[in-house]
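Here is how the chains run, residue by residue.
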Amino acid sequence: MKHFFLMLLMVSSTILSGQPNSNLDIKNGSISGRVLDAQLNEPLPYVNVIVKDAADKVITGSITDANGTYEIKKIPEGTIKVEITFIGYKTILKTITLGKGNYDVKMGDILLEEDAESLDEVTVVAETSTIQQKIDRKVITIGKDLTTSGPTASDIMQNIPSVNVDQQTGDVALRGNQNVQVMVDGKLSNIPAAQLLKQIPSTSIKQIELITNPSAKYNPEGMSGIINIILHKNVNIGFNGNLNFGLGYQIAPKFNSSIDMNYRNGKLNFYGSYGNNIADNVNRGQLNQTQANLFQTFDITDERNSHLYKVGVDFYINEKNTFSVFTNQNVFDGGALGETAVIFNDNMANNQLQIFDNNNENYSQQYNVNYKLDFDKEGHNIELEADFNIFDNDIFTDNNFSGIDSRPDFDEFTNTDRTRTTINLDYVNPLTESSKLELGAQALLFQNDIVYSSNARVRNEFGDFIPTATDFGYTRDIYSLYATYGKTINEKWAYQVGVRAETVMEDALAIDTDLNANTTTDFPFDNDYIQFYPSGFVTYNPSEKNSYQMSFSRRVDRPGVGQVNPIPEFNTPLISQFGNQELQPQFTNSLEVNYTRNLEKGSITGGVFYRLIEDEINQGVFVDRSDIGSGRVILTNDNFDNTSAYGMELSSSYRPTKWWSFNASVDLYVRKQTGFAESLDPTLANPTESDITVSSVEVTNEIFNFRVFNNFKVTKKLSLSAFAMYRGKDTGLNFEMEPMYFVNLGMRYSFLEDNRATFSLNFNNVFDTQEINILSERPFNQTVFFEPEFKTIFAGLSYRFGGGKYRAKSRKRRDKNEKEGGGFM
């Protein structure tokens with residue numbers, strides 16, 4: 001609401017300043033100052049500073065930044081009233097006269113005192129979500145309306161412009177591309193992104209940042225950009241917290257809950273949180289090979305039991321020194337129980353059945369230490385952060401087969417040990433009032449060890465299944481330096497240029513062991529390189545209503561562990577997936593232009609982008625050489641030719657009436673892909689490798705998406721919501737996904753004193769239209785159909801306790817130009 005209120009002030013100011021003025025000699029002045037908490041003597045961000053004329057008519061306004069400072073320019077001369085107001089504090093009103101010799105007024109430090117009568121009325125989470133376009137990112141502030149869309153971050157992502165979530169795997173795509181880096185409070189995690197998003201409670205999310213063209217300050221990983229999830233951090237005075245419960249159901253139940261608490265007194269802030277997600281997810285589908293007249297059915301129940309804990313403390317040593325430490329602990333116990341059958345319509349005697357029981361346990365730990373030193377000059381600081389992640393994962397799968405000439409039963413065991421150490425040093429120096437220099441260094445040390453064993457994996461040259469084991473070790477050390485320089489010109493133009501230099505050292509070794517012959521085969525891999533990643537931003541703000549941005553950056557998408565891991569990700573009678581150790585990184589050069597128009601009741605943002613991708617990484621489908629005549633295919637990744645992508649986006653946050661608001665977006669992505677594909681005639685009696693044909697493939701993929709989220713305020717306590725989405729056809733080198741569309745309905749009701757409790761109810765896929773349909777012509781003509789639990793009902797209950805006043809911690813998050821606090825993860 002504070003952003004919406006500010007926007008109305010700014011729009012009102014623009015309208016007023018646009019009225020005819022008969023006195024052409026009137027000059028403009030400015031006011032500036034800093035707002036502090038009277039008790040703590042520390043800066044207060046997001047404080048409303050409203051400028052009125054002598055008749056109490058609003059002229060303009062602003063809010064304080066993370067340092068509590070504000071500056072308002074272009075104020076007509078004369079007597080003005082400055083109203084400084086913030087929730088939980090007493091309002092301060094000052095009268096100032098702007099005129100000869102007093103056009104630029106320094107108001108100094110303003111101390112706000114606690115308003116005991118209004119403390120219990122503080123509400124941190126806004127009712128409705130907002131979308132804001134900034135110089136280098138799109139910021140979606142999550143309101144209560146979006147938290148009713150589902151229990152997890154993955155559910156909220158489906159409602160965010162430019163973002164798509166794979167309904168089966170949970171993988172996230174930004175602008176139609178899954179090569180995106182997901183961060184939580186500006187930090188990476190060793191937890192796989194799909195699992196992480198299903199573990200973060202939706203009620204814990206404060207904002208989601210879509211950084212599609214990051215500056216040189218950012219780690220350049222992620223071809224399509226960065227999704228940064230900012231979580232709530234309670235730093236209220238005294239003891240405060242939030243409690244949330246949720247239950248969803250279609251075929252199997254899905255339960256989640258979370259609690260976060262803090263105790264703040266003086267210089268110390270202690271905080272902790274716990275969240276869980278306990279769910280069974282049923283997924284059923286069918287694969288048809290039309291030429292071979294056979295099909296494969298799938299019936300899988302995916303079990304997820306996750307528990308997340310966080311404990312931390314902030315120590316405000318004095319006005320210039322801040323020290324923080326926290327730890328995250330994540331425990332996951334899940335797996336999948338499934339049945340898949342292959343039916344040969346022309347010869348039913350060859351039918352095969354596979355029953356698998358998969359158990360997946362992982363434990364993730366994160367330890368973070370941060371120290372920040374502020375110098376005398378405002379905004380001049382240096383910050384040191386160390387972050388250490390540990391991930392331990394054990395997966396056991398029991399595979400049982402039946403049928404003539406079926407594979408023998410076998411077990412698979414995979415153990416993964418992964419560590420990531422990140423050390424950041426960041427220096428910020430505002431050289432003048434209009435320019436800023438930022439320098440930094442980063443060391444990112446990554447190590448991954450995977451041990452795989454199976455008592456039956458592949459056929460040898462005699463057609464026998466041989467037991468094997470694989471030990472795969474992979475290390476990647478990255479050392480980087482960056483520098484950015486930004487300057488504002490004439491209050492309308494601003495630019496920022498930067499460059500990042502990286503030295504990368506990669507080393508991998510896979511050791512395959514034949515357990516029968518007790519022999520080993522080594523597959524070493526080394527890849528060291530130096531790269532430079534430039535970036536540039538230009539903004540033009542001709543008025544408070546109009547804003548233009550143009551940016552350029554170079555980024556890299558390094559192969560992930562799963563993409564280079566030679567160990568099978570999954571095995572079924574007709575399809576398996578492996579990594580490719582020889583996979584090379586792909587590089588992206590991206591150009592983007594955006595325009596934002598502030599309206600009286602909202603805003604609208606439009607943008608276009610172009611990406612040139614070098615050595616594109618894409619998925620290939622290959623005929624299984626170990627069993628050519630079976631119709632079995634292998635999925636893996638490979639480097640293809642250079643390609644390009646371009647698109648447009650249009651999004652709006654608007655409130656037509658007092659009771660109706662909506663966020664809507666339309667986007668179109670066009671992506672050209674070139675590569676190769678294998679094919680085989682399934683009617684051949686005894687095919688050999690020479691019968692496999694390889695052909696070049698060129699595909700132009702045009703993806704159209706539309707989504708709109710409506711919020712209807714029936715009463716002060718009751719609100720309704722309606723979300724509709726259409727996702728267009730998605731065409732790849734080997735697969736084509738049919739369009740998908742659905743409608744979700746929801747409601748929320750606030751009750752108890754000061755609306756401390758909220759009940760929400762959501763009904764997804766109301767008209768039962770959401771399903772997954774895939775077509776493929778290579779290497780065989782195939783159709784695939786999946787229908788997970790899309791038609792779910794979700795009920796949630798949240799309760800806020802405590803009543804302290806809000807004060808954000810002025811600690812900068814890593815990889816973010818704005819200063820913000822930590823969060824749940």
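This text goes with the structure placed above it.
Presented here is an overview of the structure given in this document.

Reading guide: rules and limits
- Residues numbered from 1 in each chain as written.
- Predicted model: local features only at pLDDT ≥ 70, side-chain atom pairs only at ≥ 80, totals over all residues.
- Heavy atoms only, no water.
- Salt bridge = Lys/Arg side-chain N within 4 Å of Asp/Glu carboxyl O.
- Helix = DSSP H or I, 4+ residues; strand = E, 2+ residues; numbered from the N terminus.
- Buried < 20%, exposed > 50% of the residue type's maximum accessible area, 1.4 Å probe, protein only.
- Phe/Tyr/Trp six-rings, centres within 6.5 Å; stacked < 30°, edge-to-face > 60°.
- Lys NZ or Arg CZ within 6 Å of the ring centre and 35° of its normal.
- Core = buried A, V, L, I, M, F, W, Y, C linked by side-chain atoms within 4.5 Å.
- Contact = heavy atoms within 4.5 Å.
- Pairing = 2+ DSSP bridges.
- Axes fitted to C-alpha atoms, helices over the stretch in contact; angles between N-to-C directions.

## Brief notes about the pattern of salt bridges
Consideration 1: By the definition in use, this model includes 17 salt bridges.
Consideration 2: Two residues, Asp376 and Lys320, come together in a salt bridge whose shortest N-O distance is 2.9 Å. Of this pair, Asp376 sits in the loop between strand S20 (352-374) and strand S21 (381-402) while Lys320 sits in the loop between strand S18 (294-316) and strand S19 (321-344); the two residues are 56 residues apart in sequence, bridging distant segments of the chain.
Consideration 3: Here Lys436 and Glu438 are joined by a salt bridge, their closest N and O atoms 4.0 Å apart.
Consideration 4: Judged by its relative accessible area of 32%, Lys436 falls in the partly exposed class.
Consideration 5: A residue is classified by how much of its surface remains accessible, and Glu438, at 4% relative accessible area, is buried.

## Quick word on the packing of aromatic side chains
Consideration 1: According to the stated counting rule, one finds 22 aromatic pairs in the structure shown.
Consideration 2: Taking 4.8 Å as the distance between ring centres and 40 degrees as the angle between the ring planes, the aromatic pair formed by Tyr548 and Tyr595 counts as tilted. On the criterion of sequence distance, the pair formed by Tyr548 in strand S27 (residues 546-557) and Tyr595 in strand S30 (residues 586-599) is long-range, its members being 47 residues apart.
Consideration 3: Looking at Tyr548, the relative accessible area reads 37%, which means it is partly exposed.
Consideration 4: A network of ring pairs unites the aromatic residues Tyr654, Trp659, Trp660, Phe662 and Phe712 as a single cluster.
Consideration 5: Lying over the aromatic face of Phe326, Lys310 brings its terminal NZ or CZ to 4.1 Å of the ring centre.

## Quick notes on the nonpolar core
Consideration 1: Counting 24 residues, the largest nonpolar core has Ile205, Ile208 and Ile227 as its most contacted members.
Consideration 2: Going through the elements one at a time, helix H3 (153-157), strand S10 (163-165), strand S11 (172-174), strand S12 (180-184), helix H4 (193-199), strand S13 (205-211) and strand S14 (225-231) are the ones with two or more residues in this core.
Consideration 3: Not counting residues up to four positions away in its chain, the partners in contact with Ile208 are Lys138, Val139, Ile140, Ile142, Ile156, Met157, Ile160, Ile227 and Asn228.
Consideration 4: Membership of the second largest hydrophobic core comes to 23 residues, among which are Leu444, Phe472, Val556 and Phe587.

## Overview of the sheet that holds strand S1 (residues 28-37)
Consideration 1: Here three strands make up an open sheet; going across it, the order is S4-S1-S7 and the pairing mixed. On the outer flanks of this sheet lie strand S4 (69-76) and strand S7 (104-112), each paired with one strand and no other. Mean inter-strand twist for the sheet, computed between neighbouring axes without regard to direction, equals 20 degrees.
Consideration 2: By the bridge criterion, seven bridges tie S1 to S7 in an arrangement that is parallel. Within S7, the residue paired with Ser30 across the bridge is Asp104.

## Description of the side chain of Asn705
Consideration 1: Following the sequence through the fold, Asn705 ends up in strand S36 (residues 693-713).
Consideration 2: Under the relative-accessibility criterion, Asn705 is labelled buried at 1%.
Consideration 3: Setting aside its immediate chain neighbours within four residues, Asn705 contacts Asn164, Ser665, Val666, Asp667, Tyr669, Tyr726, Arg727 and Gly728.

## Considering unusual backbone geometry
Consideration 1: Although it is not a glycine, Asp615 adopts a positive phi angle of roughly 55 degrees.
Consideration 2: Tracing the backbone shows Asp615 in the loop between strand S31 (602-614) and strand S32 (617-623).
Consideration 3: On the basis of relative accessible area, Asp615 is assigned to the partly exposed category, the value being 37%.
Consideration 4: Positive phi values are uncommon outside glycine, yet Leu752 reaches one of about 70 degrees.
Consideration 5: Within the secondary structure, Leu752 sits in the loop between strand S40 (740-751) and strand S41 (757-763).

## Section: the pairing of S21
Consideration 1: As paired elements, S20 and S21 share 22 bridges and run antiparallel to each other. Counted as the bridge partner of Tyr371 is Leu384 from S21.
Consideration 2: Where S20 folds back onto S21 in an antiparallel hairpin, the turn is made up of six residues, including Gly379, whose phi is positive at roughly 85 degrees.
Consideration 3: Bridge count for S21 against strand S22 (residues 410-432) is 19 bridges, and the pairing is antiparallel.

Purely geometric numbers; function is a separate question.
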